Structures are given as C-alpha cells and as structure tokens.
Amino acid sequence: MGVNQITHLPELISQLSNLVGLDLRENQITHLPESISELSNLTWLDLGGNQIKNLPESMAKFSNLTRLYLIGNEIKNLPESIFELSNLTELDLSGNPLENPPLEIANKGIAAMRDYFQQLTQD
C-alpha cells in the first residue's frame, strides 16, 4: 500500500485480522481510525512520510508489534500507551516535531522514552 495517495483508512481495515505487516508509508494519511487497533497480529507497521499528527491511545492493543516506523510525520505528542507495547523493539520518530517526549529523550531510544513516561507518572 505504500507510496499512493491514500488520505484515510477505512474502518473496514479492522477486518484484516490476520495481517502481520502493513506498509502505509508515503501517503497523505492525517489520522488513524480507532479500528486499526483491531489488527492485533501486526508485528510491524510503517506509517512514515504521511501527515499524521496524533496516534490513537488504542494502539496499546498492538501487543505483537515489534517495529513501528513513524518517520516524517507531524507528531508532537506520543500517547503513553505506546510504551505499554512490551514487544516493541524498534520505534523511529525521526523527522517529527516531537515535544512529548522531548526529542533528546526520543533520540536515546525506546528504553529512555519508557523511563521518561514512567518518571512522569511517578511525579
């Protein structure tokens, strides 16, 4: 599906329950429907090169996700729920105007971002 002119994902995407990888890079997507969280078998998701500003909290349901690529979007704030994804080993946020977590924390990797959010909840 990558490198098309897709502007939005249909709610019916939730019916692709056996999907393990999804390449949606280089499109015109501005937001993700909550129904995308029904794709619980996804192990990798590439959303790079879109116009996404926010990620749904429901992404915490991607329990099998190991790789998430969000390169070159318009994301300022990550939902804390992303760090509940215990299998997530690769998260690329480069090229986003990231504010929370701060870019210097994000550049240190997933463990540093998890620590950052954990520290916030304790304070």
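Our subject in this report is the structure included herewith. (Residues numbered from 1 in each chain as written. Predicted model: local features only at pLDDT ≥ 70, side-chain atom pairs only at ≥ 80, totals over all residues. Heavy atoms only, no water.)

1. Focus on the overall build of the chain
Scanning the chain from terminus to terminus reveals 2 helices and 4 strands. For the chain, the α and β elements follow one another from N to C terminus as β-β-β-β-α-α. With the C-alpha coordinates aligned to their principal axes, the bounding extent of the chain is approximately 40 × 25 × 20 Å. The buried share of the chain, reckoned over its 123 residues, is 41%. Taking contacts inside the chain between residues at least 6 apart in sequence as the whole, the part at least 24 apart equals 24%. On the chain, roughly 6500 Å² of surface is accessible, and the fraction owed to carbon and sulfur atoms is 48%. Charge separation in the chain, taken as the distance between the mean sites of 7 positive and 16 negative side-chain charges, equals 3 Å. (Helix = DSSP H or I, 4+ residues; strand = E, 2+ residues; numbered from the N terminus. Buried < 20%, exposed > 50% of the residue type's maximum accessible area, 1.4 Å probe, protein only. Contact = heavy atoms within 4.5 Å. Areas by Shrake-Rupley, 256 points an atom, 1.4 Å probe, with all protein chains shown as cover. Lys, Arg positive; Asp, Glu negative; His and termini not counted. Charge placed at Lys NZ, Arg CZ, Asp CG, Glu CD.)

2. Things to note about the sheet that holds strand E1 (residues 21–23)
Strand order in this open sheet of 4 strands is E1-E2-E3-E4, and the pairing throughout is parallel. Edge positions in the sheet fall to E1 and strand E4 (90–92), since each of these pairs with one other strand and no more. Adjacent strand axes in the sheet meet at a mean angle of 5° when their direction is disregarded. Relative to strand E3 (residues 67–69), strand E2 (residues 44–46) runs parallel, the two being bridged by 3 bridges. For Asp-46, the partnering residue across the bridge sits in E3 and is Tyr-69. (Pairing = 2+ DSSP bridges. Axes fitted to C-alpha atoms, helices over the stretch in contact; angles between N-to-C directions.)

3. Quick notes on the nonpolar core
Of all hydrophobic cores here, the largest spans 33 residues; its most connected members are Leu-78 and Leu-91. Among the secondary structure elements, those contributing two or more residues to this core are helix H1 (103–106) and helix H2 (110–122). Broken down by element, the residue count for this core peaks at 4 residues, all from H2. (Core = buried A, V, L, I, M, F, W, Y, C linked by side-chain atoms within 4.5 Å.)

4. Some words on H2
Spanning 13 residues, H2 covers 18 Å between terminal C-alpha atoms, matching the ideal 18 Å at 1.5 Å per step. Inspection of H2 places Ile-110, Ala-112, Met-113 and Phe-117 among the buried residues, and these make up the whole buried set. For H2, the angular spread of buried residues about the axis comes to 165°, placing them on one side. Exposed positions of H2 whose direction lies more than 90 degrees from the buried face are Ala-111 and Gln-122. Next to the buried residues of H2 lie E4 and H1. (Expected span 1.5 Å × (residues − 1). Arc of directions from axis to C-beta.)

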